[in-house]
Amino acid sequence: MAAVPEGAEPELPPEPPVHRLSVAELDRELDSHSELIDDKEFDIPQVDTPPTLESILNETDDEEESFVLEDPFLLSVDNADAHSYDTSSVASSDSGDRSHLKRKKKLPDSLSLHGSVIRLSLLKGISAQIVSAADKVDAGLPTAIAASNLIAVGTSHGLALIFDQNQALRLCLGSTAVGAQYGAISALSINNDCSRLLCGFAKGQITMWDLASGKLLRSITDAHPPGTAILHIKFTDDPTLAICNDSGGSVFELSFKRVMGVRTCESRCLFSGSKGEVCCIEPLHAKADLRDHPITHYSLLAMASLTKILVIGLKPSLKVWMTFPYGRMDPSSVPLLAWHFVAVQSSVNPMLAFCRGDVVHFLLVKRDDTGAIHVTKQRQLHLHYDLINFTWINSRTAVLLDSVEKLHVIDRQTQEELETIEIPEVQLVYNSSHFKSLATGGNVSEALALVGEKACYQSISSCGGQIFYLGTKSVHVMTLRSWRERVDHLLKQERLTDALALAWSFCEGKAKAVVGLTGDTTKRKAVIADRMVEILLHYADRTLKKCPDQGKIQVMEQHFQDVVPVIVDYCLLLQRMDLLFNQIYDKMSENSVAKGIFLECLEPYILSDKLMGMTAQVMKDLLLHFQDKNRLENLEACIVHMDITSLDIQQVVLLCWENRLYDAMIYVYNSGMNDFISPMEKLFKVISPPLNAGKSLTDEQVIMGNKLLVYISCCLAGRAYPLGDIPEDLVPLVKNQVFEFLIRLHSAEGSVDEEVYPYVRTLLHFDTREFLNVLALTFEDFKNDKQAVEYQQRIVDILLKVMVENSDFTPSQVGCLFTFLARQLAKPNNTLFVNRTLFDQVLEFLCSPDDDSRHSERQQVLLELLQAGGIVQFEESRLIQMAEKAEFFQICEFMYERQFRYDRIIGCYLRDPMRKEEVFNYIHNILSMPGYSAEEKQSVWQKALDHIEELLVLSPGKAAELAAIHFSEKIESIISTLQDQFLLFQFLRSLLDPREGINQELIHLPPSITEQFIELLCQFSPDQVLETLRVLEYCRLEETIQITQKHQLHEASSYLLEKKGDIHGAFLVMLERLQRELLMLTQEDESQTEPSLLEKIEDTLMKTIALCQRNSHSLDQQQREWFRF
């Protein structure tokens, strides 16, 4: 197409309506092997209209606390390690080690979590025409793409092909003649209103075209130094302003003007390549609804050089707002920049993503009230691959292309990888030749040429939620799938569970990269719920169809166990009980195994009270199923959580009674008929006869009795049995009914000779203590009104009448009653009256039994009664007298303790065969612990001294320890009074033998006592004398030697003589013993010689030799010779 001469520039045409390039239309020609596309779903209407500021504000974005990069000094540090700016990235625990990042484990399979998020489609019409143009008009291979409402594709022979949204070729701009002069198109840019196209060429020229008329408006040859290729050309939001970047690394601002009808272009250098080569530029673009954002007035431009990132403002005057160094990285990696407006903390601001290699940095740019720009560092994204492209698809989702041509969809906020797909079929075009400036002789630096190896800046363009990829023979478009298409995609693969999980994540608002949901939350949820219902019904049908027809029953059960709980789960989440219990249950009922599994998987929901609205039929089937399977515990657990009012109550009661499900039976009576009395009557009928006959109950009857007690307790406390609460309006009525029932004079079907108050009597016989505990708790709960007082008194009178007038209750049971009464009477607000003479009768009953049985039980009962406050009901002196007589020594101790007569308690311990040994601790505690007066301690001390011989008989060791600690000055006196010599021996051994454990420093006795102990030791335990002498700390040698010689204990005498220093004497003693033993040996018949005598002789001989050896070093020559002899 020939260039149009510059003339009067026509008025700009009115802005065409904004249309997104519809993928449904572009992809209409896809062959039949491609998956089917729902045109209405895929052509997503809300992407046509950019989101409003309000809608962006409503997107929550919980960014981490940011690191603010506001100090220009920090921003311009050369050679800084990029990782020093690292914040708490989820994937950056070892971010300092680059090799570790390469080895990092890949993210989990995201397909199961998010389904297929993106769709990559071939634009068949455009692709065919690119190939056709190369063949028919020698257009050459595609080199660059720019997408807006139109798609522009540049070629290697200098042509620009313009396609509309229907993939129709609208314009073919330029000519091969121009291409021969200017070289290949190396960069393209379409302005905001799609009225102008800028083309940059490999040899450095720039052209501007009118996209409405196809006219050439400008041909610019002097905007930058000659001999360098155009790497990037970008319109700004101001249609009169564009930016270009050449292969020399310089950046220029192009300002378009019309002066006197003549179009001009003024060029201004923004950055010189001599200061560091820029290889990527990205002006900030704002959508129409954000054009009034205050930051747009600065016309921000991001530039990436080989060493750092710069953000500058072109307006109102040129200003550098930020520089940021990369740090160390692979020199062949490609610098990338991408802007997008995002909502953070309730305000919308631009965010710049920049990366080089495997780390993406996010910078949030804000303007403060003074007009200054602030840049805040956000959380980094660490990857396990090197990037060659980063494109925002919306404010939360980015699509990344790595160096092996694999696409990664990332959620910015969570940094989660949503999907990964490989795109070898695209055959992506690389811009390497332009970076090497081959068209102008390759006059570029090695560093820029190295980066250019992977550069594909001009091959990828995004617009309206779509990303276009330019291949050598094709154009592909990538879009986010709508929520419905993502669900359907899983359904086509028969991954129904994953499809339901994904749909529910949309419903909960937890899904990522969501497209296609409009309206408020309620409307969105309703749309998703409808789709989920369709899937659930389909799931149920498919499960029944795919059930194995033959094989083991376990295989069929497993088949349904894998599916049915999932269906139940989602019906409950959707709160669609109608669907669950009608349509789906009807379907499952067609298969007996499926029906059983369905009913069983309801159980956990019933038990957690999550299942409301069960139909009568399902409840009935559930009960019958558990009964058939003999799973009675499960059956009972379910019944008490179900609303059974719609069932045949009598039938359910019968079912429960026959299967001994007493909890369930009570629950059915209570909740089904508001009948709280019938369950008690049924249980009483079973346990009363054996109790009244004095028989022991079976285990089953004991269980029934216990449940009866707990049930009565619940009713009187206002609680439902076995769980929950009785309705508030029924509580007083239930309490009154239960009380009136319990205190009935006769049962409904009682015989003529039935005793009065049968129910109270039965419970007292069954478990007196627990029944009285139930009454005690009930009395606590009573309000102190007239009726409550009357009830309490009435019950107490009945209890007394039943128990006191009958002889068939044990002392323990009677004691329990009076302990209960004592506790009630001891309360400060007590209103009960109990005749005091009854307590005297109980005392007589407990202390003067007809026989001597249950002694400890009777004592324990009386003690509990006294401790519960019953002491005030008795005359104390009479009580002590009766306790002494009955030998209730614990009662005596209790009374003496109250009267501070601690000395008397010693006698109680000594006379009590069960607690004798405890007397030592008691005496020690009284004499040692504070809290007792000197007089009290003295009386106990004297009493213990008076009973010392009795204490010694009880335990010589403990008595000796007591004497050493508390009676040390009386020990000699005690010794002199003891007549029993063996008892005296035990006492002295415990005192004086260190091995007995008494601290010898506490004892200061004359040596004669020690000698007395050795004398007794020689008499009662001669074998222990030598060992004892070795450990005794104090003894006189001469006197002790005399004692051992008197008792002819040669070895002990020898030991003492050796200790004294008389070695010769010690030797003679041992020699004498040896001679005596040898004499005994010669006098005995050789055949009758006992082995033990020979052993004794050998032992004596060895000990004598040892004595000689031990002492030979300390003897003179003559003595040594004597030993040797």
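Here the structure is a predicted model, which means the values were calculated and not measured. (Residues numbered from 1 in each chain as written. Predicted model: local features only at pLDDT ≥ 70, side-chain atom pairs only at ≥ 80, totals over all residues. Heavy atoms only, no water.)

A few points about the overall build of the protein
Scanning the protein from N- to C-terminus turns up 47 helices and 30 strands. In the protein, the proportion of contacts linking residues at least 24 apart, taken out of those at least 6 apart, comes to 59%. Entry remark: accessible area of the protein is about 52100 Å², with carbon and sulfur atoms responsible for 51%. (Helix = DSSP H or I, 4+ residues; strand = E, 2+ residues; numbered from the N terminus. Contact = heavy atoms within 4.5 Å. Areas by Shrake-Rupley, 256 points an atom, 1.4 Å probe, with all protein chains shown as cover.)

Some remarks on the side chain of Gln-824
Mapped onto the elements of the fold, Gln-824 is located in helix H29 (residues 811-825). Residue Gln-824 is classed as buried on the basis of its relative accessible area, which comes to 6%. Contact partners of Gln-824, with chain neighbours within four places excluded, come to Ala-776, Phe-779, Asn-830 and Leu-832. (Buried < 20%, exposed > 50% of the residue type's maximum accessible area, 1.4 Å probe, protein only.)

Things to note about the packing of helix H25 (residues 699-717) against helix H26 (residues 731-742)
At a minimum axis separation of 8 Å, H25 and H26 run at an interaxial angle of 135°. The orientation of H25 with respect to H26, classified from their angle, is oblique. Counting all contacts with H25, which are made through Ile-712, Cys-715, Leu-716 and Ala-717, the residues of H26 involved are Val-734, Lys-735, Val-738, Phe-739 and Leu-742. Looking at the contact of H25 with H26, its residues break down into eight nonpolar, no polar and one charged. (Axes fitted to C-alpha atoms, helices over the stretch in contact; angles between N-to-C directions. Parallel < 35°, antiparallel > 145°, perpendicular 65-115°, else oblique. Nonpolar A, V, L, I, M, F, W, Y, C, P; charged D, E, K, R; others polar.)

Structural notes on a nonpolar patch on the surface
Nonpolar side chains collect at one region of the surface, where Leu-1101, Met-1102 and Ile-1105 lie side by side and expose about 250 Å² of accessible area between them. With respect to the helices and strands, the residue Met-1102 is situated in helix H46 (residues 1091-1111). Since its relative accessible area comes to 47%, Met-1102 is described here as partly exposed. (Patch = residues over 30% accessible without salt bridge, like charges linked within 9 Å, V, L, I, M, F, W, Y side chains within 5 Å. Salt bridge = Lys/Arg side-chain N within 4 Å of Asp/Glu carboxyl O.)

Concerning the pattern of salt bridges
What the rule picks out here adds up to 42 salt bridges. In this structure, Glu-422 engages Lys-406 in a salt bridge whose closest nitrogen and oxygen atoms are separated by 3.7 Å. Taken together, the positions of Glu-422 in strand E27 (residues 416-422) and Lys-406 in strand E26 (residues 406-411) put the pair 16 residues apart, joining distant regions of the chain. The residue Lys-546 makes a salt bridge to Glu-494 at a minimum N-O spacing of 3.0 Å. One end of the pair, Lys-546, is in the loop between helix H14 (521-545) and helix H15 (553-561); the other, Glu-494, is in the loop between helix H12 (483-492) and helix H13 (496-508), and 52 residues separate them in sequence.

Some thoughts on the packing of H13 against helix H16 (residues 564-573)
Where H13 meets H16, the axes come as close as 11 Å, and the angle between the chain directions of the two elements is 15°. In terms of their interaxial angle, H13 and H16 are classed as roughly parallel. Seen along the crossing, H13 lies across H16 with a hand that is left-handed. Within the contact between the two elements, H13 uses Thr-497, Leu-500, Ala-501 and Trp-504 and H16 uses Val-566, Tyr-570 and Leu-573. When grouped by side-chain class, the residues that make up the contact of H13 with H16 number six nonpolar, one polar and no charged. (Left-handed = near helix turned anticlockwise from the far one by under 90°.)

Concerning the nonpolar core
Counting residues in hydrophobic clusters, the biggest one holds 224 residues, and the most contacted among them are Phe-598, Leu-602, Leu-611, Leu-799, Phe-818, Leu-862 and Phe-987. At 11 residues, helix H27 (residues 758-781) tops the list of elements feeding residues into this core. Setting aside residues no more than four positions away along its own chain, Leu-602 makes contact with Val-568, Leu-580, Phe-581, Leu-611, Met-614 and Val-618. (Core = buried A, V, L, I, M, F, W, Y, C linked by side-chain atoms within 4.5 Å.)

Describing the sheet that holds strand E8 (residues 196-201)
What the four strands build is an open sheet, ordered E7-E8-E9-E10; its pairing is antiparallel. The sheet is open, and its two edges are formed by strand E7 (185-190) and strand E10 (216-220), each paired on a single side. Sheet twist, expressed as the average angle between the axes of neighbouring strands with direction ignored, equals 15°. Pairing of strand E9 (residues 206-210) with E10, which is carried by four bridges, proceeds in the antiparallel orientation. The residue bridging Ile-206 from the neighbouring strand is Ile-220, located in E10. (Pairing = 2+ DSSP bridges.)

Notes on the environment of Gln-378
Within the fold, Gln-378 resides in the loop between strand E22 (373-377) and strand E23 (381-382). Owing to a relative accessible area of 4%, Gln-378 belongs among the buried residues under this scheme. It is 7.3 Å that separates the C-alpha atoms of Gln-378 and His-361, two residues lying 17 residues apart in sequence.

Considering the state of the cysteines
Cysteine pairs can be linked by a disulfide, which is a covalent bond between their two sulfur atoms. Counting across every chain of the model gives zero disulfides. As a non-bridged cysteine, Cys-847 has Cys-892 as the owner of its nearest cysteine sulfur, 9.1 Å distant. A relative accessible area of 7% means that Cys-847 is categorised as buried. (Disulfide = S-S within 2.5 Å.)

A look at the sheet that holds strand E12 (residues 241-246)
Spatial strand order, E11-E12-E13-E14: four strands in an open sheet with antiparallel pairing. Edge positions in the sheet fall to strand E11 (230-235) and strand E14 (262-271), since each of these pairs with one other strand and no more. When strand polarity is set aside, the average angle formed by the axes of neighbouring strands in this sheet is 25°. Bridge count for strand E13 (residues 251-259) against E14 is nine bridges, and the pairing is antiparallel. For Val-251, the partnering residue across the bridge sits in E14 and is Phe-271.

Considering the packing of aromatic side chains
This model, assessed by the stated rule, comprises 27 aromatic pairs. Through a chain of ring-to-ring contacts, the aromatic side chains of Phe-982, Phe-985, Phe-1013 and Phe-1020 assemble into a single cluster. Its end group placed over the ring of Trp-657, Lys-682 keeps NZ or CZ at 4.7 Å from the ring centre. (Phe/Tyr/Trp six-rings, centres within 6.5 Å; stacked < 30°, edge-to-face > 60°. Lys NZ or Arg CZ within 6 Å of the ring centre and 35° of its normal.)

Regarding unusual backbone geometry
For the bond from Lys-315 to Pro-316, the omega torsion is -10°, close enough to zero to count as cis. You can see Pro-316 is positioned in the loop between strand E17 (308-313) and strand E18 (319-325). Omega for the bond connecting Tyr-721 with Pro-722 falls within 30 degrees of zero, at 5°, which places this linkage in the cis form. Residue position: Pro-722 is located in the loop between H25 and H26. For Gln-575, which is not a glycine, the phi torsion comes out positive at approximately 55°. As for its position among the elements, Gln-575 is in the loop between H16 and helix H17 (577-588). A residue is classified by how much of its surface remains accessible, and Gln-575, at 68% relative accessible area, is exposed. Unusually for a residue other than glycine, Gln-1048 sits at a positive phi of about 55°.

Considering the pairing of E8
Most of E8 sits inside the fold, with six of its six residues counted as buried. Alternating residues of E8 divide into Arg-196, Leu-198 and Gly-200 and Leu-197, Cys-199 and Phe-201, and every residue in both groups is buried. Pairing between E7 and E8: five bridges, direction antiparallel. Within the sheet, the bridge partner assigned to Ile-190 lies in E8 and is Leu-197. Counted along the chain from E7 to the antiparallel partner E8, the turn is five residues long, and its residue Cys-194 has a positive phi close to 60°.

Focus on the pairing of strand E6 (residues 169-173)
Every other side chain in a regular strand lies on the same face of the sheet, so the side chains alternate between the two faces. Summarising the sheet, strand E5 (residues 160-163) and E6 pair through four bridges and their orientation is antiparallel. Note that in E6 the partner of Phe-163 across the bridge is Leu-169. Counted between consecutive antiparallel strands, the loop separating E5 from E6 contains five residues, among which Gln-167 sits at a positive phi close to 65°.

Remarks on the side chain of Arg-412
With respect to the helices and strands, Arg-412 occurs in the loop between E26 and E27. Arg-412 gets classed as buried once you look at its relative accessible area, which sits at 7%.

As for H12
It helps to recall that an α-helix has 3.6 residues per turn; residues three or four apart then point in one direction. Within H12, seven of the 10 residues are buried, which leaves the element mostly enclosed by the surrounding structure. Those residues of H12 lying buried are Trp-483, Glu-485, Arg-486, Val-487, His-489, Leu-490 and Leu-491.

Side note on the confidence of the model for the protein
Low pLDDT marks regions whose predicted coordinates should not be analysed in detail. In the predicted model, the protein carries a mean pLDDT of 82, and 87% of its residues have values of at least 70. Here helix H5 (residues 72-75) stands out as the least confident element of the protein, with mean pLDDT 30; strand E4 (residues 151-155) is the most confident, with 96. Every residue in residues 1-109 is under pLDDT 50, and counting partners more than four places away or in other chains gives 222 contacts. (pLDDT = per-residue confidence, 0-100.)

Concerning the environment of Ser-445
With respect to the helices and strands, the residue Ser-445 is situated in the loop between helix H10 (432-435) and helix H11 (446-452). Residue Ser-445 is classed as partly exposed on the basis of its relative accessible area, which comes to 24%. Distance in space between the C-alpha atoms of Ser-445 and Gly-248 is 8.1 Å, their sequence separation being 197 residues. A polar atom in the side chain of Ser-445 sits 2.7 Å from the side chain of Glu-277. (Polar contact = N/O pair within 3.5 Å; in protein donor to acceptor, adjacent residues only side chain to side chain.)

With respect to the environment of Asn-394
Assignment of secondary structure puts Asn-394 in the loop between strand E24 (387-392) and strand E25 (397-402). Sequence separation between Asn-394 and Arg-412 is 18 residues; the distance between their C-alpha atoms is 9.9 Å. Dropping the residues within four chain positions of it, Asn-394 is found in contact with His-340 and Leu-480. Within the structure, the side chain of Asn-394 is placed 2.8 Å from the backbone nitrogen of Thr-397, a separation counted as a polar contact.

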